[in-house]
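Chain and residue survey
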Amino acid sequence: MKYSMKSTNSRHRYESELEKIRQASRWRFLRAWDGAGGVFTQGGTCYLNFSSNDYLNLSGDPALKAAVVDAVAEQGCGATASRLMSGNLTIHEALERALADLTGQEGALVFPSGYQANVGVLTSLAGPDDMIFSDALNHASIIDGARLSKASIQVYRHNDVAHLESLLRSIGLRRAVAGVSPVHSSSPAQHRIIVTDSVFSMDGDLAPLKELAALAARYDAVLVVDEAHAIGIWGEGGGLCRHLGIRPDVTIGTLGKALGSGGGFAACDGPYRDLLINRARSFIYSTGVSPMNAAAALAAVEAIVSRKSLGPTLLRRARQFQSMLADHGIDVAPGETQIIPIAVGDDAQVMTLAKSLLEAGLIATGIRPPTVPEGTARLRLSVTLAHDDTTLEKAAGILARVLVE
Ligand SMILES: Cc1ncc(COP(=O)(O)O)c(C=O)c1O
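Residues numbered from 1 in each chain as written. Predicted model: local features only at pLDDT ≥ 70, side-chain atom pairs only at ≥ 80, totals over all residues. Heavy atoms only, no water.

1. As for the site of the ligand
To be explicit about the condition: Each residue is tested against the molecule or strand, and it is near if at least one of its non-hydrogen atoms lies within 4 Å. Any pair of N or O atoms that falls within 3.5 Å is considered a polar contact. Within protein, one atom must be able to donate a hydrogen and the other to accept it, and sequence-neighbouring residues count only if both atoms are side-chain atoms. Per-residue accessibility takes into account occlusion by the displayed protein chains alone, with areas from the Shrake-Rupley method and a 1.4 Å probe. Elements are defined by DSSP. Helices are runs of H or I of four residues or more, strands are runs of E of two residues or more, and each kind is numbered from the N terminus. Any residue outside Ala, Val, Leu, Ile, Met, Phe, Trp, Tyr, Cys, Pro, Asp, Glu, Lys and Arg is labelled polar, Gly included; the first ten of those are nonpolar and the last four are charged.
In the vicinity of the ligand, 14 residues are found, and the nearest of them are Gly 114, Asp 226, His 229, Thr 254 and Lys 257. Within the side chain of Asp 226, an N or O atom sits 2.6 Å from a nitrogen atom of the ligand. In the complex, the protein chains occlude 81% of the 390 Å² of accessible area that the ligand would expose alone. Considering every element that reaches the shell around the ligand, the biggest residue donor is helix H5 (residues 114-125), with three residues. Residue composition of the shell around the ligand, grouped by class: two nonpolar, nine polar and three charged.

As structure tokens, then:
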């Protein structure tokens, strides 16, 4: 095919920008897989997939597949319009009821993705007069939502409650806050929003949610918790907040990880839900999640509610894998979740290791900046319920050969 020569100069400039990305060992590319499960065969090689977020192995579950078939028969393949046009389907509302009950919130609103949920929530809650307090290791969708809101953003050191409190103390509200003197206020905010992942996506550690909830109450801040990596696993499936008996103002979640489907949601009280329906551009101006995805997610919630052992079993297996790694002499930090990072540091080195692991049949993605801070490249391993004892043992053996020997 012949392309027009019109943009040749621009194209060359983009090519040289791409070359710089490659030289910096930051090159990203797509690889096509025949399967997405925890273990699958492609081209005669059996791959152990430790990069999947299908934590509960529900994506291929017969109950989800059957629900999708029924939904397609009844409502077709697509929502066909934005929810506010004619795309609001009964299956969306049934899923929202189930997600609200699961998380212990009054209501829920399903978004086309978790990314869009975070962007929609933060841009609806905050504007130029407001202040967002965000953990340094929050997910990119939280960072993007905060930036798009045009609020002032205060990034507190990762899980550092004292740092967060010092920032909250130094920035008063426009109205008086009980027990807190606004004397040091530099630029008072109309609303204050504290936002955090509950389980951090690249480190697998837990946010100090009890302390954050106490600070939110004390400083009259709205608490938003992204439970993307905790829904389905902690708190009988409702997430880490539910496990700890905390009800944040807004719970964010994705349908694309433990729920084995695709889409996202915000669970919250009615007025917040109304605010999202009226303000969240990522909700208003996007086609509703497909009936297929909604049906699969609803079946996943039902599976999680009826099979209470899924989450605890996953966490037990992850600890089992961690001790297998330690037995093989692999240095892993103590962890509490299904996400197990192996620190490497150097970008080029992490990609070389990921390639060697792949050649040995283990999918373990190398994670580099800007996904993680500079100098902290790592292999991110995630254990799922598709990994039985033999798979875990095999994976630990491959990692030992590539990393230690
Ligand atoms: C913490 C966190 N929040 C939000 C998202 C976005 O969810 P989704 O993949 O549904 O867009 C992710 C996914 O990578 C995530 O890790």
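2. Some points on the sheet that holds strand S8 (residues 250-254)
Defined as follows: A strand pair is defined by DSSP finding two or more bridges across the two strands. Axes here mean lines fitted to C-alpha atoms, for a helix over just the part in contact, with angles spanning 0 to 180 degrees between N-to-C directions. Any two residues whose heavy atoms approach within 4.5 Å at even a single point are treated as in contact.
Strand order in this open sheet of seven strands is S3-S9-S8-S7-S6-S4-S5, and the pairing throughout is mixed. The open sheet is flanked by strand S3 (107-111) and strand S5 (152-156), the only strands paired with a single partner. Strand-to-strand twist of the sheet, defined as the mean angle between neighbouring strand axes without regard to direction, takes the value 20°. Bridging between S8 and strand S9 (residues 264-268) involves five bridges; their strand directions are antiparallel. Across the sheet, the residue bridging to Val 250 is Cys 268, located in S9. Packing against the sheet, helix H8 (residues 209-218) makes contact with S5, strand S6 (192-197) and strand S7 (222-226), and its axis sits at approximately 175° to S6.

3. A closer look at the packing of aromatic side chains
Under the convention used in this document: Two rings belonging to Phe, Tyr or Trp (six-membered ring only in the last case) form a pair when the distance between their centres is within 6.5 Å. Interplanar angles under 30 degrees mark stacking, angles over 60 mark edge-to-face geometry, and anything in between is tilted. Residue burial is assigned from relative accessible area. The probe radius is 1.4 Å, only protein chains are included, and a residue is buried under 20% of its type maximum, exposed over 50%, and partly exposed in between.
Per the counting criterion, the structure on display carries five aromatic pairs. Aromatic pair Trp 33 and Phe 40: ring centres 5.6 Å apart, planes at 75°, arrangement edge-to-face. Since its relative accessible area comes to 30%, Trp 33 is described here as partly exposed. Relative accessible area serves as the criterion here: at 8%, Phe 40 is assigned to the buried category. Put simply, the rings of Trp 33, Phe 40 and Tyr 47 pair up and form one aromatic cluster.

4. Section: the side chain of Asn 138
Summarising the element assignment, Asn 138 is placed in the loop between strand S4 (131-135) and helix H6 (140-149). Using a relative accessible area of 5% as the deciding quantity, one classes Asn 138 as buried. Only 2.9 Å separates the side chain of Asn 138 from the side chain of Ser 134, close enough to count as a polar contact. Setting aside residues no more than four positions away along its own chain, Asn 138 makes contact with Ile 143, Val 195, Thr 196, Asp 197 and Phe 200.

5. So, the confidence of the model for the chain
Selection rule: Residue-level confidence of the predictor, termed pLDDT, takes values from 0 up to 100.
Of the residues in the chain, 94% reach a pLDDT of 70 or more, and the chain-wide mean stands at 94. Within the model, the stretch residues 176-186 combines pLDDT values under 50 with 15 contacts to residues more than four positions away or in other chains.

6. Let's talk about the pairing of strand S13 (residues 377-382)
Most of S13 is tucked away: six of the six residues are buried. Going residue by residue along S13, you find Ala 377, Leu 379 and Leu 381 tucked away on one face and Arg 378, Arg 380 and Ser 382 tucked away on the opposite face as well. With six bridges joining them, strand S10 (residues 339-345) and S13 adopt antiparallel strand pairing. Within the sheet, the bridge partner assigned to Ile 342 lies in S13 and is Leu 379. Here strand S12 (residues 365-367) runs beside S13; their pairing, made up of three bridges, is antiparallel. For Thr 365, the partnering residue across the bridge sits in S13 and is Arg 380.

7. Section: the sheet that holds strand S1 (residues 39-42)
The strand order S1-S2-S11 describes an open sheet built from three strands, whose pairing is mixed. Two strands lie at the open edges of the sheet, namely S1 and strand S11 (362-363), each paired on one side alone. Alignment of strand S2 (residues 45-49) against S11, held across two bridges, turns out to be parallel. By the bridge assignment, Leu 48 is partnered in S11 with Leu 362. Running at roughly 95° to S2, helix H15 (residues 389-404) makes contact with S1, S2 and S11 of the sheet.

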